[in-house]
Amino acid sequence: MTKTLHIIGGGMAGSEAAWQAANAGVPVVIHEMRPTVETFAHRTGHLAEMVCSNSFRSDDDEQNAVGLLHWEMRQANGLIMNTAQAHRLPAGGALAVDRDPFAADVTARIMAHPLITVEYGEINALPPEDQPTIIATGPLTSEGLGGAIAAETGQDALAFFDAIAPIVYHESINMDVAWMQSRYDKGETEEERTAYLNCPMTKDQYEAFIDALLAADKTEFHEGETAGYFDGCLPIEVMAERGRETLRFGPMKPVGLTNQHQPEVKPYAVVQLRRDNKLGTLYNIVGFQTKMKYGAQTAVLKTIPGLEDASFARLGGIHRNTFLNSPTLLDDQMRLKSQPHIRFAGQITGVEGYVESAAMGLLAGRMAAAEILGETLPAVPDTTAMGALLTHITGGAEAKTFQPMNVNFGLFPPVDAKGGRRNRKTRYKIYTDRAKADWAEWLGERESLAAE
Ligand SMILES: Cc1cc2nc3c(=O)[nH]c(=O)nc-3n(C[C@H](O)[C@H](O)[C@H](O)COP(=O)(O)OP(=O)(O)OC[C@H]3O[C@@H](n4cnc5c(N)ncnc54)[C@H](O)[C@@H]3O)c2cc1C
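Residues numbered from 1 in each chain as written. Predicted model: local features only at pLDDT ≥ 70, side-chain atom pairs only at ≥ 80, totals over all residues.

Identification of the protein chain as Methylenetetrahydrofolate--tRNA-(uracil-5-)-methyltransferase TrmFO from Thalassobacter stenotrophicus is taken from an unreviewed UniProt entry. What UniProt records for the protein chain under Sequence similarities (unreviewed entry) is the sentence "Belongs to the MnmG family. TrmFO subfamily." Under the Subcellular location (unreviewed entry) heading, UniProt states for the protein chain: "Cytoplasm". (UniProt positions renumbered as here; feature names shortened; annotations may be inferred.)

Here's what the structure looks like:
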(Lines give C-alpha, C1' and ligand atoms only; values in the text may rest on other atoms or scores of the structure.)
Protein backbone atom coordinates (compact mmCIF):
# COMPACT_ATOMS: atom_id res chain seq x y z
CA MET A 1 0.00 0.00 0.00
CA THR A 2 1.24 3.49 -0.85
CA LYS A 3 2.34 5.43 2.22
CA THR A 4 0.33 8.49 3.24
CA LEU A 5 1.95 11.91 3.01
CA HIS A 6 1.14 14.22 5.93
CA ILE A 7 1.15 17.96 5.36
CA ILE A 8 1.09 20.33 8.32
CA GLY A 9 -0.51 23.64 7.31
CA GLY A 10 -3.11 24.11 4.59
CA GLY A 11 -2.09 27.55 3.32
CA MET A 12 -0.73 28.46 -0.12
CA ALA A 13 2.10 25.92 0.03
CA GLY A 14 0.33 23.10 1.89
CA SER A 15 -2.73 23.15 -0.40
CA GLU A 16 -0.59 23.13 -3.55
CA ALA A 17 1.69 20.38 -2.19
CA ALA A 18 -1.33 18.21 -1.35
CA TRP A 19 -2.81 18.69 -4.81
CA GLN A 20 0.42 17.77 -6.58
CA ALA A 21 1.12 14.71 -4.42
CA ALA A 22 -2.46 13.44 -4.63
CA ASN A 23 -2.49 13.89 -8.41
CA ALA A 24 0.64 11.73 -8.53
CA GLY A 25 -1.37 8.98 -6.76
CA VAL A 26 -0.23 9.45 -3.16
CA PRO A 27 -2.83 9.68 -0.33
CA VAL A 28 -2.51 12.90 1.63
CA VAL A 29 -3.68 14.14 5.02
CA ILE A 30 -3.59 17.92 5.55
CA HIS A 31 -3.45 19.04 9.19
CA GLU A 32 -4.76 22.60 9.50
CA MET A 33 -5.12 24.36 12.86
CA ARG A 34 -7.65 26.99 11.72
CA PRO A 35 -10.43 27.66 12.58
CA THR A 36 -9.76 25.88 15.93
CA VAL A 37 -6.60 27.93 16.54
CA GLU A 38 -6.40 31.34 14.88
CA THR A 39 -3.56 33.66 13.85
CA PHE A 40 -3.54 37.46 14.05
CA ALA A 41 -3.72 37.75 10.24
CA HIS A 42 -6.12 35.05 9.01
CA ARG A 43 -9.86 35.77 9.19
CA THR A 44 -11.52 32.58 7.93
CA GLY A 45 -11.26 28.81 8.22
CA HIS A 46 -10.55 28.43 4.49
CA LEU A 47 -7.43 26.82 3.15
CA ALA A 48 -5.12 29.10 1.10
CA GLU A 49 -6.43 32.30 2.62
CA MET A 50 -4.79 35.48 1.31
CA VAL A 51 -3.91 37.31 4.50
CA CYS A 52 -3.37 40.77 3.08
CA SER A 53 -3.31 41.88 -0.56
CA ASN A 54 -5.63 40.08 -3.01
CA SER A 55 -2.98 40.10 -5.74
CA PHE A 56 -0.66 37.42 -7.05
CA ARG A 57 1.34 40.29 -8.64
CA SER A 58 2.41 40.54 -12.27
CA ASP A 59 1.03 38.01 -14.73
CA ASP A 60 3.54 38.98 -17.44
CA ASP A 61 5.35 35.75 -18.23
CA GLU A 62 7.76 37.37 -20.72
CA GLN A 63 9.18 40.30 -18.75
CA ASN A 64 8.55 39.48 -15.10
CA ALA A 65 9.96 36.68 -12.95
CA VAL A 66 6.79 36.28 -10.87
CA GLY A 67 4.70 36.15 -14.07
CA LEU A 68 7.05 33.43 -15.26
CA LEU A 69 6.45 31.53 -12.03
CA HIS A 70 2.67 31.77 -12.73
CA TRP A 71 3.30 30.29 -16.18
CA GLU A 72 5.40 27.42 -14.82
CA MET A 73 2.79 26.59 -12.19
CA ARG A 74 0.01 26.58 -14.78
CA GLN A 75 2.02 24.17 -16.93
CA ALA A 76 2.28 21.88 -13.90
CA ASN A 77 -1.51 21.95 -13.33
CA GLY A 78 -1.07 24.14 -10.24
CA LEU A 79 -4.10 24.35 -7.98
CA ILE A 80 -3.45 27.90 -6.78
CA MET A 81 -2.94 29.35 -10.27
CA ASN A 82 -5.85 27.48 -11.86
CA THR A 83 -8.21 28.51 -9.07
CA ALA A 84 -6.93 32.10 -9.22
CA GLN A 85 -7.75 32.19 -12.93
CA ALA A 86 -11.34 31.21 -12.17
CA HIS A 87 -11.74 34.14 -9.70
CA ARG A 88 -9.74 36.75 -11.56
CA LEU A 89 -10.64 40.43 -11.17
CA PRO A 90 -9.73 43.19 -13.64
CA ALA A 91 -6.33 44.52 -12.47
CA GLY A 92 -4.29 45.54 -15.52
CA GLY A 93 -1.25 43.31 -15.84
CA ALA A 94 -1.62 41.86 -12.34
CA LEU A 95 -3.39 38.67 -11.33
CA ALA A 96 -5.81 39.87 -8.65
CA VAL A 97 -8.62 37.67 -7.37
CA ASP A 98 -11.85 37.80 -5.41
CA ARG A 99 -10.20 36.55 -2.22
CA ASP A 100 -12.99 34.77 -0.30
CA PRO A 101 -14.51 32.87 -3.26
CA PHE A 102 -10.93 32.00 -4.31
CA ALA A 103 -10.04 30.47 -0.93
CA ALA A 104 -13.45 28.78 -0.63
CA ASP A 105 -12.93 27.23 -4.06
CA VAL A 106 -9.41 25.96 -3.20
CA THR A 107 -10.92 24.40 -0.07
CA ALA A 108 -13.75 22.79 -2.06
CA ARG A 109 -11.36 21.38 -4.69
CA ILE A 110 -9.15 19.89 -1.97
CA MET A 111 -12.13 18.43 -0.10
CA ALA A 112 -13.47 16.88 -3.32
CA HIS A 113 -10.16 15.16 -4.16
CA PRO A 114 -10.56 11.43 -3.50
CA LEU A 115 -6.99 11.09 -2.16
CA ILE A 116 -6.97 14.09 0.20
CA THR A 117 -8.34 14.26 3.76
CA VAL A 118 -8.29 17.40 5.91
CA GLU A 119 -7.93 17.03 9.68
CA TYR A 120 -8.46 20.16 11.75
CA GLY A 121 -6.26 20.77 14.79
CA GLU A 122 -2.89 22.17 15.77
CA ILE A 123 0.20 19.97 15.47
CA ASN A 124 2.80 20.69 18.13
CA ALA A 125 5.49 18.07 17.59
CA LEU A 126 7.68 16.81 14.78
CA PRO A 127 6.39 13.64 13.08
CA PRO A 128 7.80 10.15 13.78
CA GLU A 129 10.41 8.73 11.38
CA ASP A 130 8.00 6.45 9.54
CA GLN A 131 5.71 9.34 8.57
CA PRO A 132 6.73 11.30 5.46
CA THR A 133 5.72 14.88 6.18
CA ILE A 134 5.81 18.34 4.68
CA ILE A 135 5.77 21.22 7.13
CA ALA A 136 4.13 24.23 5.46
CA THR A 137 2.99 26.24 8.45
CA GLY A 138 4.04 29.58 7.04
CA PRO A 139 5.18 32.88 8.54
CA LEU A 140 2.78 32.51 11.49
CA THR A 141 3.70 28.96 12.50
CA SER A 142 2.15 28.31 15.91
CA GLU A 143 4.33 28.63 18.97
CA GLY A 144 4.31 24.94 19.92
CA LEU A 145 5.45 23.69 16.52
CA GLY A 146 7.91 26.59 16.19
CA GLY A 147 9.47 25.46 19.48
CA ALA A 148 9.71 21.84 18.31
CA ILE A 149 11.38 22.92 15.04
CA ALA A 150 13.81 25.20 16.89
CA ALA A 151 14.72 22.35 19.25
CA GLU A 152 15.70 20.26 16.22
CA THR A 153 17.46 22.96 14.16
CA GLY A 154 18.93 25.05 16.97
CA GLN A 155 17.50 28.44 17.98
CA ASP A 156 19.84 30.39 15.68
CA ALA A 157 18.63 28.58 12.57
CA LEU A 158 14.95 29.48 12.98
CA ALA A 159 13.97 33.15 12.90
CA PHE A 160 10.70 34.61 14.18
CA PHE A 161 11.12 38.01 12.53
CA ASP A 162 12.67 39.00 9.24
CA ALA A 163 14.76 42.16 9.07
CA ILE A 164 15.22 42.64 5.39
CA ALA A 165 17.72 45.05 3.94
CA PRO A 166 16.99 46.20 0.37
CA ILE A 167 18.63 44.14 -2.38
CA VAL A 168 19.97 45.82 -5.52
CA TYR A 169 20.80 44.35 -8.93
CA HIS A 170 24.56 44.62 -9.39
CA GLU A 171 24.16 45.73 -13.00
CA SER A 172 22.23 48.83 -11.88
CA ILE A 173 24.98 50.16 -9.55
CA ASN A 174 27.12 52.96 -11.00
CA MET A 175 30.66 51.65 -10.62
CA ASP A 176 32.08 55.03 -11.71
CA VAL A 177 31.01 56.17 -8.23
CA ALA A 178 31.00 52.95 -6.16
CA TRP A 179 34.06 50.78 -5.65
CA MET A 180 34.81 47.28 -4.48
CA GLN A 181 36.65 46.90 -1.15
CA SER A 182 36.15 45.15 2.17
CA ARG A 183 36.68 47.24 5.30
CA TYR A 184 40.42 47.28 6.18
CA ASP A 185 40.87 45.03 3.09
CA LYS A 186 39.92 42.09 5.28
CA GLY A 187 39.40 38.63 3.82
CA GLU A 188 41.51 35.59 3.13
CA THR A 189 40.37 35.04 -0.43
CA GLU A 190 39.77 37.24 -3.47
CA GLU A 191 36.08 36.34 -3.18
CA GLU A 192 35.94 37.71 0.38
CA ARG A 193 37.86 40.87 -0.54
CA THR A 194 35.46 41.55 -3.42
CA ALA A 195 32.30 40.80 -1.45
CA TYR A 196 31.62 44.50 -0.70
CA LEU A 197 30.76 47.55 -2.78
CA ASN A 198 30.97 51.03 -1.27
CA CYS A 199 29.06 54.24 -2.02
CA PRO A 200 30.68 57.43 -0.64
CA MET A 201 28.86 60.45 0.80
CA THR A 202 29.97 64.00 1.46
CA LYS A 203 28.78 65.80 4.62
CA ASP A 204 26.03 67.61 2.66
CA GLN A 205 24.85 64.37 1.06
CA TYR A 206 24.78 62.64 4.45
CA GLU A 207 22.78 65.45 6.10
CA ALA A 208 20.28 65.47 3.23
CA PHE A 209 19.99 61.68 3.48
CA ILE A 210 19.22 61.84 7.22
CA ASP A 211 16.56 64.53 6.59
CA ALA A 212 14.94 62.37 3.88
CA LEU A 213 15.02 59.32 6.15
CA LEU A 214 13.36 61.15 9.04
CA ALA A 215 10.66 62.61 6.77
CA ALA A 216 9.87 59.36 4.90
CA ASP A 217 6.53 57.55 5.28
CA LYS A 218 6.86 54.38 7.43
CA THR A 219 4.61 51.35 7.83
CA GLU A 220 3.29 50.30 11.22
CA PHE A 221 3.34 46.80 12.64
CA HIS A 222 0.05 44.91 12.16
CA GLU A 223 -2.20 44.67 15.17
CA GLY A 224 -1.06 41.68 17.23
CA GLU A 225 2.33 41.63 15.50
CA THR A 226 4.60 42.89 18.24
CA ALA A 227 7.74 44.66 17.15
CA GLY A 228 10.20 42.45 18.98
CA TYR A 229 13.23 43.59 17.03
CA PHE A 230 16.47 43.98 18.87
CA ASP A 231 19.21 46.55 18.93
CA GLY A 232 21.20 44.40 16.47
CA CYS A 233 18.65 44.93 13.70
CA LEU A 234 17.03 48.31 14.31
CA PRO A 235 15.46 49.98 11.28
CA ILE A 236 17.76 52.68 9.87
CA GLU A 237 15.11 55.35 10.44
CA VAL A 238 14.96 54.42 14.15
CA MET A 239 18.77 54.71 14.33
CA ALA A 240 18.51 58.15 12.68
CA GLU A 241 15.86 59.20 15.21
CA ARG A 242 18.27 58.31 18.02
CA GLY A 243 20.76 60.91 16.75
CA ARG A 244 21.93 62.36 13.44
CA GLU A 245 25.38 60.80 13.87
CA THR A 246 24.19 57.32 14.88
CA LEU A 247 24.32 55.91 11.35
CA ARG A 248 27.73 57.45 10.68
CA PHE A 249 29.06 55.51 13.67
CA GLY A 250 27.00 52.45 12.72
CA PRO A 251 26.31 50.90 9.31
CA MET A 252 27.46 54.04 7.43
CA LYS A 253 30.85 54.42 9.11
CA PRO A 254 33.59 55.41 6.64
CA VAL A 255 36.58 53.91 8.50
CA GLY A 256 38.89 51.39 6.83
CA LEU A 257 37.79 52.34 3.31
CA THR A 258 39.52 54.37 0.58
CA ASN A 259 37.54 55.72 -2.35
CA GLN A 260 39.36 54.26 -5.35
CA HIS A 261 37.99 56.99 -7.62
CA GLN A 262 39.22 59.81 -5.32
CA PRO A 263 41.81 58.33 -2.91
CA GLU A 264 42.73 61.78 -1.56
CA VAL A 265 39.16 62.60 -0.41
CA LYS A 266 38.00 60.90 2.79
CA PRO A 267 34.26 60.12 2.52
CA TYR A 268 32.12 61.55 5.35
CA ALA A 269 29.98 58.42 5.36
CA VAL A 270 29.88 55.21 3.32
CA VAL A 271 26.97 52.95 2.40
CA GLN A 272 28.21 49.38 2.01
CA LEU A 273 26.62 46.69 -0.12
CA ARG A 274 27.44 43.02 0.34
CA ARG A 275 27.18 40.28 -2.25
CA ASP A 276 23.93 38.40 -1.62
CA ASN A 277 24.25 35.36 -3.87
CA LYS A 278 26.96 33.15 -5.32
CA LEU A 279 26.24 34.44 -8.84
CA GLY A 280 27.20 37.97 -7.71
CA THR A 281 24.14 39.44 -9.43
CA LEU A 282 22.55 40.74 -6.19
CA TYR A 283 23.91 42.99 -3.44
CA ASN A 284 22.19 43.85 -0.14
CA ILE A 285 22.65 47.23 1.54
CA VAL A 286 24.40 46.35 4.77
CA GLY A 287 22.46 47.16 7.95
CA PHE A 288 19.67 48.96 6.02
CA GLN A 289 16.63 47.05 7.33
CA THR A 290 13.77 49.52 7.29
CA LYS A 291 10.05 50.01 7.69
CA MET A 292 9.87 52.86 5.19
CA LYS A 293 6.98 52.46 2.72
CA TYR A 294 8.10 51.15 -0.65
CA GLY A 295 7.65 54.41 -2.59
CA ALA A 296 9.48 56.45 0.05
CA GLN A 297 12.16 53.79 0.37
CA THR A 298 13.01 53.83 -3.33
CA ALA A 299 13.16 57.63 -3.37
CA VAL A 300 15.41 57.82 -0.29
CA LEU A 301 17.77 55.02 -1.39
CA LYS A 302 18.22 56.55 -4.83
CA THR A 303 19.76 59.63 -3.19
CA ILE A 304 22.77 57.45 -2.30
CA PRO A 305 25.64 58.27 -4.70
CA GLY A 306 26.07 55.33 -7.09
CA LEU A 307 22.50 54.11 -6.57
CA GLU A 308 20.73 56.89 -8.53
CA ASP A 309 19.58 54.35 -11.15
CA ALA A 310 19.36 51.36 -8.83
CA SER A 311 16.90 48.58 -9.60
CA PHE A 312 15.75 46.72 -6.53
CA ALA A 313 15.33 42.94 -6.52
CA ARG A 314 13.51 43.45 -3.22
CA LEU A 315 12.90 46.33 -0.86
CA GLY A 316 13.49 46.25 2.88
CA GLY A 317 11.05 45.39 5.64
CA ILE A 318 10.61 43.99 9.12
CA HIS A 319 7.78 41.52 9.76
CA ARG A 320 6.68 38.73 12.02
CA ASN A 321 7.95 35.78 10.00
CA THR A 322 9.00 32.27 10.97
CA PHE A 323 11.65 30.99 8.60
CA LEU A 324 14.52 28.54 8.54
CA ASN A 325 18.10 29.08 7.59
CA SER A 326 17.39 26.84 4.63
CA PRO A 327 20.83 27.09 2.95
CA THR A 328 22.32 25.26 5.94
CA LEU A 329 19.37 23.07 6.97
CA LEU A 330 17.70 21.78 3.80
CA ASP A 331 19.02 19.58 1.00
CA ASP A 332 18.20 20.20 -2.66
CA GLN A 333 15.03 18.10 -2.24
CA MET A 334 13.81 20.45 0.53
CA ARG A 335 14.40 17.74 3.16
CA LEU A 336 15.66 18.57 6.62
CA LYS A 337 19.19 17.16 6.50
CA SER A 338 19.00 15.93 10.11
CA GLN A 339 15.56 14.28 9.63
CA PRO A 340 15.07 13.56 5.92
CA HIS A 341 11.52 12.24 6.32
CA ILE A 342 10.54 15.89 6.93
CA ARG A 343 10.34 18.37 4.08
CA PHE A 344 9.57 22.06 4.40
CA ALA A 345 7.61 24.16 1.92
CA GLY A 346 6.32 27.69 1.57
CA GLN A 347 7.32 30.84 3.34
CA ILE A 348 8.97 28.94 6.20
CA THR A 349 11.71 27.90 3.74
CA GLY A 350 12.70 31.54 3.29
CA VAL A 351 10.80 32.48 0.18
CA GLU A 352 8.48 35.47 0.38
CA GLY A 353 4.99 35.91 -1.06
CA TYR A 354 1.88 33.94 -1.95
CA VAL A 355 3.19 32.86 -5.36
CA GLU A 356 6.66 31.84 -4.24
CA SER A 357 5.17 29.94 -1.28
CA ALA A 358 2.73 28.04 -3.51
CA ALA A 359 5.59 27.35 -5.95
CA MET A 360 7.72 25.74 -3.24
CA GLY A 361 4.65 23.75 -2.20
CA LEU A 362 4.30 22.52 -5.76
CA LEU A 363 7.89 21.28 -5.82
CA ALA A 364 7.80 19.79 -2.32
CA GLY A 365 4.55 17.94 -3.13
CA ARG A 366 6.02 16.46 -6.29
CA MET A 367 9.32 15.58 -4.60
CA ALA A 368 7.63 13.91 -1.63
CA ALA A 369 5.27 11.94 -3.90
CA ALA A 370 8.13 10.77 -6.11
CA GLU A 371 10.06 9.56 -3.07
CA ILE A 372 7.05 7.66 -1.70
CA LEU A 373 6.52 6.07 -5.12
CA GLY A 374 10.19 5.02 -5.28
CA GLU A 375 11.06 7.36 -8.16
CA THR A 376 13.97 9.72 -8.58
CA LEU A 377 12.93 13.16 -9.63
CA PRO A 378 15.36 14.87 -12.04
CA ALA A 379 17.01 18.03 -10.62
CA VAL A 380 14.92 21.13 -11.29
CA PRO A 381 16.87 23.29 -13.80
CA ASP A 382 18.12 26.50 -12.15
CA THR A 383 17.30 28.32 -15.40
CA THR A 384 13.59 28.07 -14.53
CA ALA A 385 11.87 30.36 -12.00
CA MET A 386 11.09 27.31 -9.85
CA GLY A 387 14.66 26.04 -10.00
CA ALA A 388 16.26 29.49 -9.49
CA LEU A 389 14.25 30.01 -6.30
CA LEU A 390 14.90 26.49 -5.05
CA THR A 391 18.63 26.77 -5.77
CA HIS A 392 18.76 30.10 -3.96
CA ILE A 393 17.16 28.91 -0.74
CA THR A 394 18.92 25.56 -0.61
CA GLY A 395 22.44 26.77 -1.28
CA GLY A 396 22.81 29.77 -3.63
CA ALA A 397 22.10 32.35 -0.93
CA GLU A 398 24.64 33.52 1.62
CA ALA A 399 23.71 31.47 4.70
CA LYS A 400 25.10 34.03 7.17
CA THR A 401 22.85 36.84 5.99
CA PHE A 402 19.95 34.72 4.75
CA GLN A 403 16.64 36.60 4.66
CA PRO A 404 13.39 35.76 2.81
CA MET A 405 13.48 36.25 -0.96
CA ASN A 406 11.05 37.03 -3.77
CA VAL A 407 11.62 35.48 -7.18
CA ASN A 408 13.60 37.83 -9.46
CA PHE A 409 15.88 37.59 -12.48
CA GLY A 410 18.95 38.15 -10.29
CA LEU A 411 18.54 34.55 -9.09
CA PHE A 412 18.91 33.12 -12.60
CA PRO A 413 22.24 32.20 -14.18
CA PRO A 414 22.99 35.33 -16.28
CA VAL A 415 22.32 35.09 -20.01
CA ASP A 416 24.17 38.12 -21.31
CA ALA A 417 26.64 39.70 -18.91
CA LYS A 418 27.60 42.41 -21.42
CA GLY A 419 24.03 43.44 -22.26
CA GLY A 420 23.86 46.39 -19.86
CA ARG A 421 20.71 48.25 -18.99
CA ARG A 422 19.77 49.19 -22.56
CA ASN A 423 18.98 45.60 -23.44
CA ARG A 424 16.99 44.69 -20.36
CA LYS A 425 13.78 43.93 -22.25
CA THR A 426 15.58 41.65 -24.69
CA ARG A 427 17.46 39.95 -21.89
CA TYR A 428 14.35 39.27 -19.81
CA LYS A 429 12.74 37.70 -22.88
CA ILE A 430 15.79 35.45 -23.27
CA TYR A 431 15.52 34.46 -19.57
CA THR A 432 11.83 33.62 -19.88
CA ASP A 433 12.17 31.77 -23.23
CA ARG A 434 15.00 29.67 -21.78
CA ALA A 435 13.02 28.99 -18.60
CA LYS A 436 9.90 27.93 -20.48
CA ALA A 437 11.81 25.49 -22.69
CA ASP A 438 13.67 23.98 -19.71
CA TRP A 439 10.55 23.77 -17.51
CA ALA A 440 8.56 22.08 -20.30
CA GLU A 441 11.39 19.58 -20.73
CA TRP A 442 11.61 18.94 -16.97
CA LEU A 443 7.86 18.41 -16.74
CA GLY A 444 8.00 16.16 -19.79
CA GLU A 445 10.71 14.00 -18.21
CA ARG A 446 8.72 13.89 -14.99
CA GLU A 447 5.45 12.99 -16.69
CA SER A 448 7.10 10.30 -18.84
CA LEU A 449 8.78 8.82 -15.72
CA ALA A 450 5.34 8.52 -14.10
CA ALA A 451 3.96 6.80 -17.20
CA GLU A 452 6.68 4.10 -17.23
C1 LIG B 1 0.50 39.89 8.04
C2 LIG B 1 1.00 39.31 6.75
C3 LIG B 1 0.71 39.94 5.55
C4 LIG B 1 1.15 39.39 4.33
N5 LIG B 1 0.83 40.01 3.16
C6 LIG B 1 1.19 39.43 1.97
C7 LIG B 1 0.79 40.00 0.73
O8 LIG B 1 0.10 41.00 0.70
N9 LIG B 1 1.19 39.40 -0.42
C10 LIG B 1 1.94 38.28 -0.42
O11 LIG B 1 2.27 37.77 -1.50
N12 LIG B 1 2.34 37.71 0.75
C13 LIG B 1 1.98 38.27 1.94
N14 LIG B 1 2.37 37.72 3.13
C15 LIG B 1 3.18 36.57 3.14
C16 LIG B 1 2.16 35.42 3.05
O17 LIG B 1 1.69 34.96 4.27
C18 LIG B 1 2.78 34.26 2.54
O19 LIG B 1 3.38 34.68 1.37
C20 LIG B 1 1.91 33.08 2.21
O21 LIG B 1 0.60 33.07 2.73
C22 LIG B 1 2.68 32.00 2.82
O23 LIG B 1 2.16 30.79 2.40
P24 LIG B 1 2.42 29.54 3.31
O25 LIG B 1 1.63 28.43 2.73
O26 LIG B 1 3.85 29.35 3.52
O27 LIG B 1 1.79 29.97 4.70
P28 LIG B 1 0.22 30.29 5.05
O29 LIG B 1 -0.52 30.64 3.81
O30 LIG B 1 0.26 31.23 6.16
O31 LIG B 1 -0.27 28.87 5.52
C32 LIG B 1 0.20 28.26 6.69
C33 LIG B 1 -0.94 27.49 7.32
O34 LIG B 1 -0.44 26.72 8.38
C35 LIG B 1 -1.36 26.78 9.46
N36 LIG B 1 -0.61 26.45 10.68
C37 LIG B 1 0.33 27.19 11.32
N38 LIG B 1 0.83 26.49 12.39
C39 LIG B 1 0.19 25.30 12.42
C40 LIG B 1 0.26 24.15 13.26
N41 LIG B 1 1.11 24.10 14.29
N42 LIG B 1 -0.55 23.09 13.01
C43 LIG B 1 -1.43 23.11 11.96
N44 LIG B 1 -1.54 24.20 11.13
C45 LIG B 1 -0.73 25.26 11.33
C46 LIG B 1 -1.91 28.19 9.38
O47 LIG B 1 -3.18 28.27 9.99
C48 LIG B 1 -1.99 28.42 7.88
O49 LIG B 1 -3.24 28.06 7.34
C50 LIG B 1 1.94 38.22 4.35
C51 LIG B 1 2.25 37.60 5.56
C52 LIG B 1 1.78 38.13 6.76
C53 LIG B 1 2.11 37.43 8.03
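**What about the overall build of the protein chain?**
A tally of helices and strands in the protein chain yields 13 helices and 17 strands. Relative to the 2.2 N^0.38 estimate, which gives 22 Å for 452 residues, the radius of gyration of the protein chain is 22 Å and therefore close to what a compact globule would have. Within the protein chain, counting contacts between residues at least 6 apart in sequence, those at least 24 apart form 72% of the total. (Helix = DSSP H or I, 4+ residues; strand = E, 2+ residues; numbered from the N terminus. Rg over C-alpha atoms; globule rule 2.2 N^0.38 Å. Contact = placed C-beta atoms within 7 Å.)

**A closer look at the nonpolar core**
In terms of nonpolar packing, the biggest core is built from 85 residues, with Ala18, Ala21, Leu69, Ala359, Leu363 and Leu389 touching the most fellow members. In contact with Leu363, not counting residues within four places along its chain, are Met334, Val380, Met386 and Leu390. Core analysis: the second largest hydrophobic core is formed by 40 residues, Phe209, Ile210, Val270 and Leu301 among them. (Core = buried A, V, L, I, M, F, W, Y, C linked by C-beta atoms within 7 Å. Buried ≥ 20, exposed ≤ 12 C-beta atoms within 10 Å, placed from the backbone.)

**Focus: the sheet that holds strand E16 (residues 335-336)**
With mixed pairing, the 6 strands of this open sheet are ordered in space as E6-E2-E1-E7-E17-E16. Single-partner strands in this sheet number two, and they are strand E6 (116-120) and E16. Strands in contact with helix H1 (residues 12-23) are strand E1 (5-8), strand E2 (28-32), E6 and strand E7 (133-135); relative to E2, the strand with the most contacts, it is inclined by about 170°. (Pairing = 2+ DSSP bridges. Axes fitted to C-alpha atoms, helices over the stretch in contact; angles between N-to-C directions.)

**Description of unusual backbone geometry**
Of note, the amide linkage connecting Arg34 to Pro35 takes the cis form, showing an omega dihedral of 5°. Assignment of secondary structure puts Pro35 in the loop between E2 and strand E3 (55-58). Phi at Arg57 takes a positive value of approximately 65°, unusual for a residue other than glycine. The class for Arg57 is buried, based on 23 C-beta atoms found within 10 Å. A positive phi angle is found at Tyr184, which is not glycine, with a value near 60°. Relative to the helices and strands, Tyr184 is located in the loop between strand E10 (179-180) and helix H6 (190-193).

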